[in-house]
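Summary of the model geometry
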Amino acid sequence: MIELQHTGAGRSGGLADKMAGFIFKAMALGVALLFLWLLTDLVRHGLGSISVAFLTEAPRNAGREGGIGPIIVSTLSILGVCLATVLPLGMGTAVFLGEFAPPGHGFGTLVRRSLDVLAGVPSIVFGLFGNAFFCVYLGLGFSILSGGLTLACMVLPIFIRSCEEGLRAVPSSMRHAAAALGMSRFTTLTHILLPAALPGLAVGLVLGIGRALAETAALIFSSGYVDRMPQSIHDSGRSLSIHIYELSMNVAGGDGAAYGSALVLISMLLVINGLASHIAGKWLGKHQMGELG
Amino acid sequence: MFPLLSDPWLNRLLKLCAGMSGALVLLILIFLVVESVPALSSIGLFSFFSDPSWSPAEEASQGSFNMVPMVAGTLWATLLAMLAAGPVGIGLAIYCHYYATPVMAKLFRKLLELLAGIPSVVYGFWGLTAIVPILAKIHQPGASLLAGAMILGIMILPTVALVADSALFQVPRELIQGATALGMRPWSMIWGVILPTSRAGLFTGLLLGAGRALGETMAILMVSGNVVQHPETLFSPIRTLTANIALEMAYALGDHRNALFISGLLLMIMVTTLVILAELAGRRRYD
């Protein structure tokens with residue numbers, strides 16, 4: 001793609017050409033500066049409030065003082081419920097779509113289409129659904145369980161898509177070889193295909209975690225607001241994202257703690273995203289990351 | 001090993017998983033409709049755009065349920081965000097492909113991936129503490145349609161840019177080599193060859209961005225003021241459909257609660273239409 005630069009950008013071109021080059025570079029610079037502003041703001045204000053005490057203590061005075069210990073525990077519990085649901089269901093679906101439903105398979109196409117639609121559903125609609133179905137209809141109430149299950153519905157399409165791509169990347173010769181050896185499909189799956197598709201699974205997992213950690217709107221009416229340490233998954237628990245929302249919108253003077261929580265959340269996401277692109281860069285083509293990210 | 005999991009069983013088990021995953025979207029739709037229907041009969045479809053205002057109540061007869069200002073708020077915020085993020089997003093993708101040095105392009109893609117992962121609540125919080133005070137100096141109250149559109153635009157920019165970027169990857173190399181051989185200058189090549197070739201992919205990116213903006217809740221809720229009114233100017237506070245659900249769901253009962261589910265259904269229809277359009281515009285990866 002560099003050939004373009006040699007053709008004209010360096011030589012004297014037309015006016016339109018020079019202007020176009022200038023505009024694109026200005027755009028890039030502007031965007032870079034804008035996001036630099038955002039990131040430095042978060043780090044500058046957030047770093048001051050982060051300490052060991054902040055990470056472990058319970059919030060006091062509506063979160064203005066104290067820390068975010070119980071909130072981190074709730075966040076991780078919600079994530080745990082979400083993953084415990086998504087992993088088996090998502091892997092099963094991905095294996096079915098990738099290995100048992102060739103293109104043109106009616107049922108497989110139907111499932112793929114509905115997953116595509118599911119991926120586009122706005123998060124607040126997941127919140128409404130989670131509240132109506134898990135909290136009210138199934139009687140789970142505002143709880144970590146309801147929140148995690150609601151998030152699972154949201155994360156499922158992302159995880160399945162990535163798993164399926166991982167399975168697709170496994171060369172057919174492996175399947176043929178396994179079939180020629182008389183291996184059952186179950187053995188082929190557990191001993192050949194899934195290990196070979198592990199990078200895809202890992203990327204899907206990591207992307208799903210990222211999406212789940214970032215989510216707020218779907219959780220407000222399913223996992224609830226309670227900022228105490230949860231005793232079980234039937235207790236209501238406040239996630240980090242909801243904590244940031246509460247502190248900035250409903251608690252006057254909560255900005256400092258909100259910056260701190262935002263920085264903790266972003267650091268968690270950064271580590272996870274770093275992991276995702278590391279795995280993706282190592283095993284998958286660079287190309288897929290663009291679409292998945 | 002597991003005799004039960006001999007092949008027919010495996011097939012059935014996996015089919016069950018796939019069926020459950022596939023049925024999820026149907027389940028969501030059913031629950032939205034079931035919760036909406038009582039309000040449709042007691043409030044009546046007509047009230048949603050003819051009532052004098054949005055002042056909902058548990059009993060349909062005691063409240064008024066005009067959703068038009070919030071639909072307008074949602075559409076205006078999305079439109080303005082797209083006007084900003086569309087050209088800039090595509091511009092960034094073009095910059096990465098044809099103007100940046102390889103190192104810069106790589107850095108930019110990393111930055112965009114990072115930004116796409118930042119939670120919307122963090123964008124909203126930053127907008128509230130950094131953008132809104134600046135806007136308030138220009139024109140009170142600061143929290144407004146403009147602030148909402150700006151934050152939405154910033155949020156969807158990475159999505160638009162990343163999809164546009166992968167669309168540009170799909171421009172056949174021969175076309176670029178041909179254009180270079182003809183001595184075309186970069187801009188003529190971009191305008192005359194590259195943009196027309198990648199049109200479908202770029203359009204997909206725009207539609208996906210618009211879908212994300214329409215469905216976004218937290219960021220817009222935190223910066224746009226949340227007054228239910230038709231936006232008169234850019235500086236009027238607005239409330240979007242999504243923000244309305246998030247704000248009122250906590251205490252909504254009876255017909256009010258059902259009305260919120262109707263707005264959820266409306267949102268789902270709007271966003272799903274955009275997603276389907278995006279799929280039709282871009283070439284499918286499956287099949």
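Residues numbered from 1 in each chain as written. Chains lettered and ligands numbered in written order. Predicted model: local features only at pLDDT ≥ 70, side-chain atom pairs only at ≥ 80, totals over all residues.

1. Structural notes on the overall build of chain A
- Scanning chain A for helices and strands turns up 14 helices and two strands.
- Judged by the C-alpha coordinates and their principal axes, chain A covers about 65 × 65 × 35 Å.
- When contacts within chain A are restricted to residue pairs at least 6 apart in sequence, those whose partners lie at least 24 apart make up 75%. (Helix = DSSP H or I, 4+ residues; strand = E, 2+ residues; numbered from the N terminus. Contact = placed C-beta atoms within 7 Å.)

2. Considerations on the overall build of chain B
- The helix and strand tally for chain B stands at twelve helices and two strands.
- If you line up chain B on its principal axes, its C-alpha atoms span 75 × 70 × 35 Å.
- Here chain B holds 287 residues, and 55% of them are scored as buried.
- Residue pairs in contact within chain B that sit at least 24 positions apart in sequence constitute 74% of those at least 6 positions apart. (Buried ≥ 20, exposed ≤ 12 C-beta atoms within 10 Å, placed from the backbone.)

3. Focus on the interface of chain B and chain A
- Facing the 74 residues of chain B at the interface are 78 residues of chain A.
- It is helix α1 (residues 7-42) of chain B that contributes the most residues to the side of chain B that touches chain A, 17 residues altogether.
- Each residue belonging to the side of chain B that touches chain A can be placed in one class, and the counts come to 49 nonpolar, 17 polar and eight charged. (Nonpolar A, V, L, I, M, F, W, Y, C, P; charged D, E, K, R; others polar.)

4. Notes on α1 of chain B
- The end-to-end C-alpha separation of α1 of chain B is 53 Å, in line with the 52 Å expected for 36 residues at 1.5 Å each.
- Of the residues one or two after α1 of chain B, Gly44 of chain B is the one with positive phi, at around 90°. (Expected span 1.5 Å × (residues − 1).)

5. Focus on helix α5 (residues 106-120) of chain A
- Here α5 of chain A contains 15 residues, and its C-alpha end-to-end distance of 22 Å stays within 8% of the 21 Å for a straight helix at 1.5 Å per residue.
- The complete set of buried residues in α5 of chain A reads Gly108, Val111, Arg112, Leu115, Val117, Leu118 and Gly120 of chain A.
- Taken together, the buried residues of α5 of chain A touch α4 (69-100) and α7 (144-168) of chain A together with α1, α9 (199-215) and α12 (254-281) of chain B.

6. Remarks on the environment of Gly205 of chain B
Residues and elements named next belong to chain B.
- Among the secondary structure elements, Gly205 is positioned in helix α9.
- Sequence separation between Gly205 and Ala164 is 41 residues, and the spatial gap between their C-alpha atoms is 5.8 Å.
- Leaving out residues up to four positions away in the same chain, Gly205 has contacts with Gly89, Val160, Val163, Ala164 and Ala167.

7. Quick look at the packing of α5 of chain A against α1 of chain B
- Direction vectors running N to C along α5 of chain A and α1 of chain B enclose 45°, while the axes themselves pass 8 Å from each other. In terms of orientation, α5 of chain A and α1 of chain B fall into the oblique class. The hand of the α5 of chain A/α1 of chain B crossing is left-handed. Residues Leu110, Val111, Ser114, Leu115, Val117 and Leu118 of chain A of α5 of chain A form the contact with α1 of chain B, whose participating residues are Ala18, Ser21, Gly22, Leu24 and Val25 of chain B.
- Its residues placed into classes, the contact of α5 of chain A with α1 of chain B shows eight nonpolar, three polar and no charged. (Axes fitted to C-alpha atoms, helices over the stretch in contact; angles between N-to-C directions. Parallel < 35°, antiparallel > 145°, perpendicular 65-115°, else oblique. Left-handed = near helix turned anticlockwise from the far one by under 90°.)

8. Some details on unusual backbone geometry
- With a phi close to 60°, Asn226 of chain B is a non-glycine residue in the positive phi region.
- With 20 C-beta atoms packed within 10 Å, Asn226 of chain B lands in the buried category.

9. Some points on the packing of helix α2 (residues 15-47) of chain A against helix α3 (residues 68-99) of chain B
- Two elements in contact, α2 of chain A and α3 of chain B, have axes separated by 9 Å at closest approach and are oriented at 110°. Here α2 of chain A lies roughly perpendicular to α3 of chain B, going by the angle between them. Within the contact between the two elements, α2 of chain A uses Gly21, Phe24, Lys25, Met27, Ala28 and Val31 of chain A and α3 of chain B uses Val88, Gly91, Leu92, Ile94, Tyr95 and Tyr99 of chain B.
- Class assignment of the residues belonging to the contact of α2 of chain A with α3 of chain B gives a composition of nine nonpolar, two polar and one charged.

10. Details of the confidence of the model for chain B
Residues and elements named next belong to chain B.
- Averaged over all residues, the pLDDT of chain B equals 85, while 96% of them reach at least 70.
- The spread of mean pLDDT over the elements of chain B runs between helix α2 (residues 47-50), the lowest at 76, and α3, the highest at 91.
- Interface confidence in the predicted complex, given as ipTM, is 0.87; pTM for the same model is 0.86. (pLDDT = per-residue confidence, 0-100.)

11. Thoughts on the confidence of the model for chain A
All names here are of chain A.
- On average, residues of chain A score 84 in pLDDT, and 92% of them are at 70 or above.
- Under a pLDDT of 50 for its full length, residues 5-12 has, in the predicted model, nine contacts with residues more than four places off or in other chains.
- Scored below 50 in pLDDT, residues 286-293 makes 17 contacts in the model with residues more than four places away or belonging to other chains.

12. Focus on the environment of Val52 of chain A
- When you line up the elements, Val52 of chain A lands in helix α3 (residues 52-56).
- For the pair Val52 of chain A and Gly69 of chain A, spaced 17 residues apart in the sequence, the C-alpha separation amounts to 9.8 Å.

13. Examining the environment of Glu216 of chain B
All names here are of chain B.
- Structurally, Glu216 can be placed in the loop between α9 and α10 (218-223).
- Note on Glu216: 29 C-beta atoms within 10 Å, which makes it buried.
- Sequence spacing of Glu216 and Val71 is 145 residues, and the spatial spacing of their C-alpha atoms is 13 Å.
- Beyond its immediate chain neighbours, meaning those up to four positions away, Glu216 contacts Ser120, Leu152, Met155 and Thr242.

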